[in-house]
Amino acid sequence: MELPVASDSVHLAAYRPRLPLSAANGKEAPGGFDESGFYQCYGDGGSVASRGSDALTGYETLDSPPHYDFYANTEVWGRRRHFRPSLYQLYSNPEDNSGPPLYEETTGGRMEEGGENSEEDEEEQKEPPPEPLRFGWVQGVMIRCMLNIWGVILYLRLPWITAQAGIGLTWVIILLSSCITGITGLSTSAIATNGKVKKGGTYFLISRSLGPELGGSIGLIFAFANAVAVAMHTVGFAETVTDIMRENGAVMVDRTNDIRIIGIITVTCLLGISMAGMAWESKAQILFFLVIVVSFASYFVGTILPASPQKQAKGFFSYKADIFAVNFVPSWRGQDGSFFGMFSIFFPSATGILAGANISGDLKNPAVAIPRGTLMAIFWTTFSYIIISATIGACVVRDASGLLNDTVSASSSSEGCVGLACQYGWDFTECINNNTCTYGISNYYQSMSMVSAFSPLITAGIFGATLSSALACLVSAPKVFQCLCKDKLYPLIGFFGKGYGKNEEPLRSYLLTYVIAACFILIAELNTIAPIISNFFLCSYSLINFSCFHASITNSPGWRPSFRFYSKWLSLLGAVCCVVIMFLLNWWAALIAFGIVLVLLGYTLYKKPAVNWGSSVQASSYNMALNQCVGLNHVEDHVKNYRPQCLVLTGPPSSRPALVDLVTCFTKSLSLMMCANVVTSSPSPSVVEEASSDSHVTWLNRRKVKSFYRGVVAAELRSGVNMLLQGAGLGRMKPNVLLMGFKKNWCSDTPQAAHINPGFDGGPEGISTISAPPCIQTSTTSTVSIEAEPQPSTVFQKKQGKKTIDVYWLSDDGGLTLLLPYLLTRRKRWARCKVRVFVGGEMDQKEKQREEVLALIKRFRLGFHDVEVLPDIYQNPQPANVHQFENMVSRFRLDPNPKQDSGPPRQQEEPWMITNQDLERNKAKSLRQIRLNEVLQDYSREAALIVITMPVGRRGVCPSTLYLAWLDFLSRDLRPPVLLVRGNQESVLTFYCQ
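Just so we're clear, the structure is a prediction, and the values are computed from it rather than from any experiment.

Asks: Honestly, helix H27 (residues 879-889) in this entry has me stumped. Any pointers?
Replies: Residues spaced three or four apart along an α-helix point in a common direction, a consequence of the helix completing one turn every 3.6 residues. Along H27, the residues that are buried comprise Asn881, Val882, Phe885, Glu886, Met888 and Val889. Seen along its axis, H27 keeps its buried residues to an arc of 160°; they face one direction. On the buried face of H27, the contacting elements are helix H29 (916-939) and helix H30 (960-970).

As structure tokens, this is what we get:
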């Protein structure tokens, strides 16, 4: 029986996939769900049987196209949940229907992976739950961060710091603080874009990057620091109110106790707003932001207005070059009069950069909102600090008495007058000499209010800045602490992790934060509270930067942040600078902070919590195990840290240099590589010695290939490969990918030699398969001496330049088809190559399908931007190519003549032979491979490498010789190397941080 040509009954266009859901967003496609044939066809798998035949076909492998559901952990309300078929389902006999369902329909609730409802039983959920409030990058991150940065220090201490350090050093303090926070912002952006971020803010980012040991300790410290920051900003507010009351003769007890009373009342009111929910809190933040902007406008207008006598008496003379020059240099005063003393007081004003990240669970798109909002907030607040310090330093002298009669009269001599104000007709000599001046930027904390055009607006701005910062910290601390409590890393804190309402508000954590803040409010001294939290925030920033550096330096394949504007060495510099500054500011406070971290770290290491977040510490522990062969049983598996650990069927490695070099590109300094040689012979001492000869290891060492070598002796190649798959490796460090060169001489060799399919049959669970047809043919018995042979050069050792790596992602195998090209582009030789991804589709929906696949790939953060939909892969192949394929398999065809046909008994004796029924069952799939070769010829003739999904033939339906014919014809007459890849149907890519 011949394969049909274009005019026959089988048409590939009838078997293109019909995706019911958008791969990008998981929404149901217009027109409803047509489940007929959804999982029955696609690319290399699916039903492509002749529509006129009722027979099951080898193409009916349940293979499916790339789909969002296969990688998502949760289900969208009220639609079908689809599951990727297992490798067993793909390869097993069609009559075997065992295995998990391919989809499951829900009527309510979000479904976790596995199909179970995450909230209540479906019967109790008649309607979808209300959507929780979500914020964009402006309102959720930028404004929140700016409000937290524009805190009490801006209005009440920046003029004083400018007087102490001078304008020049104040700029240095501002820029140094901004450099630290900017580097931390870049590191935070990188971590936040390395997968989908959930609730928990800074703690979530650090713990999922560095693991529970450091993440838990820094989570407690950061939550505590935010609680203390609530006290700092509240004391600033209370201090302003107390000063206003004293100016108007209203005193309750004394200044200190008045600050305490007002502070407690204020933080209680803020607690009520916070517990009312994020909606009320966000509205309050917008109001505070508008008030601050108006206060800035009032201040800048005031600096250009002519100075009134009352303002001149207080030291304000509008813009003067002499005042700017004098105030540009430092004038240290008091016990805090030093650079680092001023830095310790100012730095907390820059610590609000994580206010947006701390509510990560309430953001619409944290991966976009956190980088954009955080960095924009740092830029604008730094700019505002520099401008305000420059303008206040150019307008106000350091010392003034505030008395209208302290003027220089025309008759008096100015020789004894001290201070710059003498040039402008004012004599503040007495208060300067006696150190009793109450005004000027060195003495009067409310200098911005005095300068402004309308001082009540500055007072309103102080209220807005202090209250908004206190409110932001009062929200951040419970959110972080709640996530820490839910992870159950420490005892006795789980009580505070309970959430209430649709937003899971941590009401109990709010109350705990309130108690901590109230205790520190009782200190009632802003300059005492500010240095306390500086060390805690610096410790947090240090670990954030170290997290980014550590994740980068371990070369984990799971570290793929979509935010590219970061440097691991800059992150390390930021971490070191934070630690150094901690000790320069207050060495004993730094020791206390690190002591707390070490105690909590020791406790977590001792308890060993049963969590697996795919941290970079786990990735580095794998590297240690790989290099030192220690602790192999403790290396945890996680999809984030998936590495191709390769068992390479090279035969003698020296005879397969191209295959060895290819695998080295994937595994060098990253993961396990084991070259394997199956010697088909009866066991004997000489044969065993030949298989395990040290000459093979010597050749690998001379080629500078980090690889193990293992040789086995078996009666046949199939059993030898199975031995290697089951026995190779140590502990968790064992092969998960099988690579083999293609057997080019399969047509001329004995049929028994071609009867092998080790990647799909007989191997342990979890093995993926890669075949490299152009590399080298398979041989199993020959060995050669390589002591004196020169090292051959292969294409995989050459620098590729600006070429393309063409990926034909025809079936979803778990993502291995995409991951391997990504790992290649991380090598210098392949770094300049552009990856092009080709998928099947329909002409009338080509652009839509392209956008959907591009959105799906974007979630993996691989950096692939070139996607092309190929409707023409569903066309029938050229008749001439069909005839060539027929000639290729003709040698293995059973005679169709019933008189000579031995029937089933002969096929059982020769299972590699192809019957008419085999051709009929697999005719559409055979046509598909022929057509794909034509497509590869058209699109990828000049590519540096072609990576394509490997077809799967059904056991008992597709003979091994027919399967080899598919692979051979698929890669026929192609100049670039071809990798045929089939993952084990388990995800090796993920959207998520954990």
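The discussion continues.
Asks: Sorry, what's going on with the side chain of Thr240 here?
Replies: Relative to the helices and strands, Thr240 resides in helix H6 (residues 212-247). A relative accessible area of 1% means that Thr240 is categorised as buried.

Asks: Help me understand the side chain of Thr667, please; the structure alone is not making it clear to me.
Replies: Along the chain, the position of Thr667 falls in helix H21 (residues 657-667). In this view, Thr667 contacts Pro644, Cys646, Leu672, Met673 and Arg827; residues no more than four positions away in its chain are not counted.

Asks: For this particular structure, what's the right way to read the pattern of salt bridges?
Replies: A pair can form between side chains of opposite charge whenever their charged atoms are brought close. All chains considered together, the criterion is met by eleven salt bridges. Salt-bridge contacts for Asp243 lead to Arg255; the nearest nitrogen and oxygen are separated by 3.2 Å. Taken as a pair, Asp243 in helix H6 and Arg255 in helix H7 (residues 255-275) lie far apart in primary sequence, twelve residues in all. Arg255 sits in the partly exposed class, given a relative accessible area of 29%.

Asks: Would you mind going over the pairing of strand E8 (residues 737-741) with me for this structure?
Replies: The side chains of a regular strand alternate between the sheet's two faces. Within E8, five of the five residues are buried, which leaves it mostly tucked inside the rest of the structure. By the alternation rule, side chains of E8 split into Val737, Leu739 and Gly741 and Leu738 and Met740, which are all buried. Across four bridges, strand E5 (residues 646-649) lies against E8 in parallel orientation. Across the sheet, residue Leu647 finds its bridge partner in E8, namely Leu738.

Asks: Looking at this structure, how should I read the packing of helix H17 (residues 526-553) against helix H18 (residues 568-585)?
Replies: For any two helices packed against each other, one specifies the inter-axial angle together with the distance between the axes. Relative to each other, H17 and H18 sit at 155°, their axes nearing to 8 Å. The orientation of H17 with respect to H18, classified from their angle, is roughly antiparallel. Seen along the crossing, H17 lies across H18 with a hand that is left-handed. On the side of H17, the interface is formed by Ser534, Asn535, Leu538, Cys539, Tyr541, Ser542, Asn545, Phe546, Cys548, Phe549, Ser552 and Ile553, while H18 contributes Lys568, Trp569, Ser571, Leu572, Gly574, Ala575, Cys578, Val579, Ile581, Met582 and Leu585. Each residue belonging to the contact of H17 with H18 can be placed in one class, and the counts come to 15 nonpolar, seven polar and one charged.

Asks: I keep staring at the state of the cysteines and nothing clicks. Help me out?
Replies: Each disulfide consists of a covalent bond between the sulfur atoms of two cysteine residues. Applying the stated criterion to the full structure yields two disulfides. The residue that forms a disulfide with Cys417 is Cys422, at a sulfur-sulfur distance of 1.7 Å. On the sign convention where negative is left-handed, the bridge of Cys417 and Cys422, at about -85° about the S-S bond, is left-handed. The disulfide partner of Cys431 is Cys437, and the S-S distance across this bridge is 2.0 Å. Its S-S torsion of approximately 75° makes the covalent link between Cys431 and Cys437 right-handed. Overall, the relative accessible area of 7% leaves Cys431 in the buried class. Sequence-ordered numbering of the bonded cysteines in the chain gives a pairing of 1-2, 3-4.

Asks: How should the packing of H6 against helix H19 (residues 587-607) be read in this particular structure?
Replies: The geometry of H6 relative to H19 is characterised by a closest axis approach of 8 Å and an angle of 135° between their N-to-C directions. Between H6 and H19, the angle is such that the two are oblique. With respect to the hand of their crossing, H6 and H19 are arranged in right-handed fashion. From H6, Pro212, Glu213, Leu214, Ser217, Leu220 and Ile221 reach across to H19, where they touch Ala593, Ile596, Val597, Leu600, Leu601, Thr604 and Leu605. Broken down by class, the residue content of the contact of H6 with H19 amounts to ten nonpolar, two polar and one charged.

Asks: Before we go on, may I ask you to explain the packing of aromatic side chains in this structure?
Replies: According to the stated counting rule, one finds 34 aromatic pairs in the structure shown. With a centroid separation of 5.0 Å and an interplanar angle of 85°, the aromatic rings of Trp150 and Phe296 are classed as edge-to-face. A residue pair is termed long-range when its members are at least 10 positions apart, and Trp150 in the loop between helix H2 (137-149) and helix H3 (152-156) and Phe296 in helix H8 (residues 278-304) qualify at 146 residues. This pair shows no difference in class: Trp150 is buried, exactly as Phe296 is.

Asks: Sorry, what's going on with a nonpolar patch on the surface here?
Replies: Judged by side-chain polarity, Phe583, Trp587, Trp588, Leu591, Ile592 and Ile596 come together as a nonpolar surface patch covering roughly 620 Å² of accessible area. Top element by residues in the nonpolar patch is H19. It accounts for five residues. With respect to the helices, strands and loops of the structure, Phe583 is situated in helix H18. Assessed through its relative accessible area of 35%, Phe583 is described here as partly exposed.

Rules and cut-offs
- For every chain, the first residue of the written sequence is number 1, and numbering continues from 1 along that sequence.
- Side-chain atom pairs in this predicted model are given and counted only at pLDDT of 80 or more, local residue features only at pLDDT of at least 70, and totals for whole chains, interfaces and linings cover all residues.
- Note: side-chain values were computed over all heavy atoms of the structure, leaving out hydrogens and water.
- The buried label goes to any residue with under 20% of its type's maximum accessible area, the exposed label to any with over 50%, and the partly exposed label to all in between, with areas taken from a 1.4 Å probe on protein chains only.
- Secondary structure elements are taken from DSSP: a helix is a run of H or I of four residues or more, a strand is a run of E of two residues or more, and numbering for both begins at the N terminus.
- Each direction from the helix axis to a C-beta atom contributes to the arc, which is the arc of those directions.
- Contacts: residue pairs with any heavy atoms within 4.5 Å of one another.
- Should a side-chain nitrogen of Lys or Arg be within 4 Å of a carboxyl oxygen of Asp or Glu, the pair is scored as a salt bridge.
- Strands are labelled as partners when DSSP assigns at least two bridges between them.
- Each axis is a line fitted through C-alpha atoms, taken for helices only over the stretch in contact, and angles between the N-to-C directions span 0 to 180 degrees.
- Angles are sorted into four bins: roughly parallel if under 35 degrees, roughly antiparallel if over 145, roughly perpendicular if 65 to 115, and oblique for all others.
- Take the far helix as the reference: if the near one is turned anticlockwise from it by less than a right angle, the crossing is left-handed, and if turned clockwise, right-handed.
- Under the convention adopted here, Pro, Cys and the residues Ala, Val, Leu, Ile, Met, Phe, Trp and Tyr are nonpolar, Asp, Glu, Lys and Arg are charged, and Gly plus all remaining residues are polar.
- By disulfide we mean two sulfur atoms from cysteines, separated by a distance within 2.5 Å.
- Side-chain rings of Phe, Tyr and Trp, where Trp is taken by its six-membered ring, are said to pair if the distance between their centres is within 6.5 Å; with planes under 30 degrees apart they count as stacked, over 60 as edge-to-face, and otherwise as tilted.
- Nonpolar side chains (Val, Leu, Ile, Met, Phe, Trp, Tyr) within 5 Å and like charges within 9 Å form the patches, drawn only from residues with over 30% relative accessible area and no salt bridge.
- We get accessible surface area from the Shrake-Rupley algorithm with a probe of 1.4 Å; when it comes to residues, only the shown protein chains can shield them.

That's the geometry; what it means functionally is another story.
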